[in-house]
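# A structural walkthrough
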Amino acid sequence: QSQFVESGGDLVQPGGSLRLSCTVSGFDLEYYSIGWFRQAPGKEREAVSCIDSSGDSPDDAFAVKGRFITSRDNSKNTIYLQMNNLKAADSGVYYCSAGCSTTVAGALLPWGQGTPVTVAS
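Residues numbered from 1 in each chain as written. Predicted model: local features only at pLDDT ≥ 70, side-chain atom pairs only at ≥ 80, totals over all residues. Heavy atoms only, no water.

### Quick look at the packing of aromatic side chains
Throughout the structure, instances matching the rule amount to 5 aromatic pairs. Ring pairing ties together the aromatic residues Phe4, Phe27 and Tyr32, which thus form one cluster. Lying across the ring of Tyr95, Arg45 places its NZ or CZ 4.7 Å from the centre. Positioned over the ring face of Trp111 is Arg45, at 3.9 Å from the centre of the ring. (Phe/Tyr/Trp six-rings, centres within 6.5 Å; stacked < 30°, edge-to-face > 60°. Lys NZ or Arg CZ within 6 Å of the ring centre and 35° of its normal.)

Right, here's the structure in full:
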């Protein structure tokens, strides 16, 4: 079973908001950067957000341009992705993993199953 369990994906209308959760098991979340990634059908997986061990999350550095905000609760071994002003292009399967890039995340631990997000009217 995956050490990353994502949940919260849903069908939402454009402009809506959604919060995803990622629970982590098998290691102490406190000491790792945790990233959020997404993959649309037929497209490469991409990083959309990240939060480091100190709680810093420079989300403006990602293509979502600050619309997505990552937070963490170390006591619950959980990270969250608050997604605002959703667009159709945001649709895809969302994953969390250790690391802020797809290269690092994939090398450290296997990807989880992800949670699907569909943005459509």
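Next comes the rest of the write-up.
### Some words on the pairing of strand S8 (residues 92-98)
Within S8, 6 of the 7 residues are buried, leaving the element largely enclosed by the surrounding structure. Pairing geometry for strand S4 (residues 34-39) and S8, over 5 bridges, is antiparallel. Its bridge partner lying in S8, Gln39 is registered against Val93. Bridge count between S8 and strand S9 (residues 115-119): 3 bridges; the pairing is antiparallel. Of the residues in S9, the one forming a bridge with Gly92 is Val117. (Buried < 20%, exposed > 50% of the residue type's maximum accessible area, 1.4 Å probe, protein only. Helix = DSSP H or I, 4+ residues; strand = E, 2+ residues; numbered from the N terminus. Pairing = 2+ DSSP bridges.)

### Describing unusual backbone geometry
A positive phi is found at Asn77, a non-glycine position, where the angle reads about 50°. Within the secondary structure, Asn77 is located in the loop between strand S6 (68-73) and strand S7 (78-83). Even without being a glycine, Asn85 presents a positive backbone phi close to 50°. Within the secondary structure, Asn85 is located in the loop between S7 and S8. Judged by its relative accessible area of 48%, Asn85 falls in the partly exposed class.

### A few points about the sheet that holds S8
Spatially, S2-S9-S8-S4-S5 is the arrangement adopted by the 5 strands of the open sheet, whose pairing is mixed. Single-partner strands in this sheet number two, and they are strand S2 (11-12) and strand S5 (46-51). As paired elements, S2 and S9 share 2 bridges and run parallel to each other. Its bridge partner being in S9, Leu11 is matched across the sheet by Thr118.

### Some thoughts on the side chain of Glu6
The topology assignment puts Glu6 in strand S1 (residues 4-7). Look at Glu6: it is buried, it has no salt bridge, and the nearest opposite charge is Arg45 at 7.6 Å. Within the structure, Glu6 has its side chain in polar contact with the backbone nitrogen of Cys96 (distance 3.0 Å). Within the local environment of Glu6, its side chain forms a polar contact with the backbone nitrogen of Gly114, the two atoms lying 3.0 Å apart. Not counting residues within four places of it along the chain, the set of residues in contact with Glu6 comprises Ser21, Cys22, Trp36, Tyr94, Tyr95, Cys96, Gly112, Gln113, Gly114 and Thr115. (Lys, Arg positive; Asp, Glu negative; His and termini not counted. Salt bridge = Lys/Arg side-chain N within 4 Å of Asp/Glu carboxyl O. Polar contact = N/O pair within 3.5 Å; in protein donor to acceptor, adjacent residues only side chain to side chain. Contact = heavy atoms within 4.5 Å.)

So, to be careful, I would describe these as geometric facts and stop short of saying anything about function.
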